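If you want the building blocks of each chain, they are given just below.
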Amino acid sequence: MAGGLFNQLDQTARNLVPFTVTVLAMLVGMVPLPLPGYAMVTVPFMLMCLFYWVIHRPDLLRPLVVFAIGLLQDLIGGTPIGSTSMVLIMAYWLLITQRRFFLGRSFVMLWIGFALVATGAAAVQWSVFALMTASLLDARPVLVQALMGVALFPLMAWLLQRLHRAYLS
Amino acid sequence: MRIAAPLWGMVQRFYFPLLILGAAALMMIGHVNGGAVEQARTRVTDAVSPVLNVMSRPAASVADGLEYFRQLVDLHDENARLREENSRLRQWEQAALRLDAENRSLRSLLSFKPDPAARVVTGRVVGDPGGAFVRTVVVTIGERDGVARGQAVMSGQGLVGRIVQVGDWSSRVLLITDLNARIPVVLESSRQRAMLAGDNSDHPLLTYLPPNSEVTPGERVFTSGHGGLFPPGLPVGIVEIGVGGKPRVVPMADLSRLEHVQVVDFGTVGGVAAEATQPGAMK
């Protein structure tokens, strides 16, 4: 009987991997690095996690959970509350409808897909802030952010794939 | 449960639009009811700051290591420069001692009442979570260390920002480069007053200068103390002429590599500052 309980605990812990990894990615994105201009163009690790898990295991990263993670980011980050949730949910929506297209495609297709999602996320983020401040803001920070994301995507995807294979298959 | 099924179906069908609407509603609520959101921010930041504190240590160590090797490379030049600077500073020290003595004797003649000494608390920067459009940092000192909203935050060289949110053991600093930062300043030699307005770029703008005023690049900029939020005379930066001929200020503190900051308590905050330190300054 104890074995059954242990199995259940083990399974729960494994199922929590996508959530934990996404929250960790959010926190890692907040760590200050003493690089000039880094604070402005923080790599969107969280978006990469979202991209990976929604395509591979959407059952373990529910929209409502993603919404909550976005909310957490806004509360800690001082950004307008709900803005990150909106960006993430829009990305989720797009991904879940295009999921079948991405599954089983080559890595290059995934990469291009992520580039599109990152650009879209940057556009939504920019629009939200421009609306909130009622001014045309400099869009370069979000674009550089998206580019950094695209550049680091292969590394992150590899890491996530290792985690995925190790704990969830 | 049968009755609820169609309703549940509707919710399922419009799940994502509903969530997006929810996010939009939250943004509205945050805009209208700043106080409650501010409370939530404070609590959450307090809870997360220990985690950030731990996570930022390795990054800081790596950065220190890199810095160490970078310094090794130009150790010789640096040494020569420091020698030269040291001899120059010694001359200044003599001048300062002489002026200090003179100042004290003159003050005693005038029975001048000096400003109360400032109290300083030093904290570690553990997060710059704002992303592309918000310039804030989270530091590891809070209410129990005597930090209060509106206090000036300095690094070694100059003004960094001001406290906008205080938790029990963490607080948030709005940097002078943030879009919402406005600081009354004065130019050193012309005594021209101006408003330093952040625009998310690294070098904030000097605004509200009279049209005929002359701004010379290289002039130093200090807080003017108007509005009562900051005491006068805190060093802020150096004037430069930016793109399009707009006067900008290069901050003295390197805001991209803040590791430790000092929160300075200069005593009471009053006047217009009371309004500026009200909740809702950071919506």
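The preceding data block contains the structure.
Remember, it's a predicted structure, so these values are computed and weren't measured experimentally.

In this section: the overall build of chain A. If you tally the helices and strands in chain A, you get 8 helices and 0 strands. Counted from the first residue to the last, chain A has its helices and strands arranged as α-α-α-α-α-α-α-α. Whereas a compact globule of 169 residues would reach a radius of gyration of roughly 15 Å, chain A reaches 17 Å, a difference of no more than 12%. In terms of overall dimensions, chain A has a C-alpha envelope of 60 × 35 × 35 Å along the principal axes. Across the 169 residues that make up chain A, the buried fraction comes to 40%. Here the contacts in chain A between residues at least 6 apart in sequence split such that 67% fall between residues at least 24 apart.

Turning our attention to the nonpolar core. Core analysis: the largest hydrophobic core is formed by 94 residues, its most contacted members being A:Cys49, A:Leu50, A:Phe51, A:Ala91, B:Val160, B:Val173 and B:Val261. When residues in this core are grouped by element, the largest group, 11 residues, is from helix α3 (residues 45-56) of chain A. Each of domain 1 (4-32) and domain 2 (33-64 + 119-283) of chain B contributes no fewer than three residues to this core. Other than its neighbours up to four places away in sequence, A:Cys49 contacts A:Val21, A:Thr22, A:Ala25 and A:Leu160.

This next bit is on the interface of chain B and chain A. Tallying the contact residues gives 38 residues for chain B and 39 residues for chain A. Of all the elements in the fold, those that place two or more residues in the side of chain B that touches chain A are α2 (15-32), α3 (34-73), β1 (119-127) and β2 (136-139) of chain B. In terms of residue count, the dominant contributor to the side of chain B that touches chain A is α3(B) (12 residues). For the side of chain B that touches chain A, the per-class residue count stands at 25 nonpolar, 9 polar and 4 charged.

Quick notes on the rules
- Residues numbered from 1 in each chain as written.
- Chains lettered and ligands numbered in written order.
- Predicted model: local features only at pLDDT ≥ 70, side-chain atom pairs only at ≥ 80, totals over all residues.
- Helix = DSSP H or I, 4+ residues; strand = E, 2+ residues; numbered from the N terminus.
- Rg over C-alpha atoms; globule rule 2.2 N^0.38 Å.
- Buried ≥ 20, exposed ≤ 12 C-beta atoms within 10 Å, placed from the backbone.
- Contact = placed C-beta atoms within 7 Å.
- Core = buried A, V, L, I, M, F, W, Y, C linked by C-beta atoms within 7 Å.
- Domains from an automatic or database assignment.
- Nonpolar A, V, L, I, M, F, W, Y, C, P; charged D, E, K, R; others polar.

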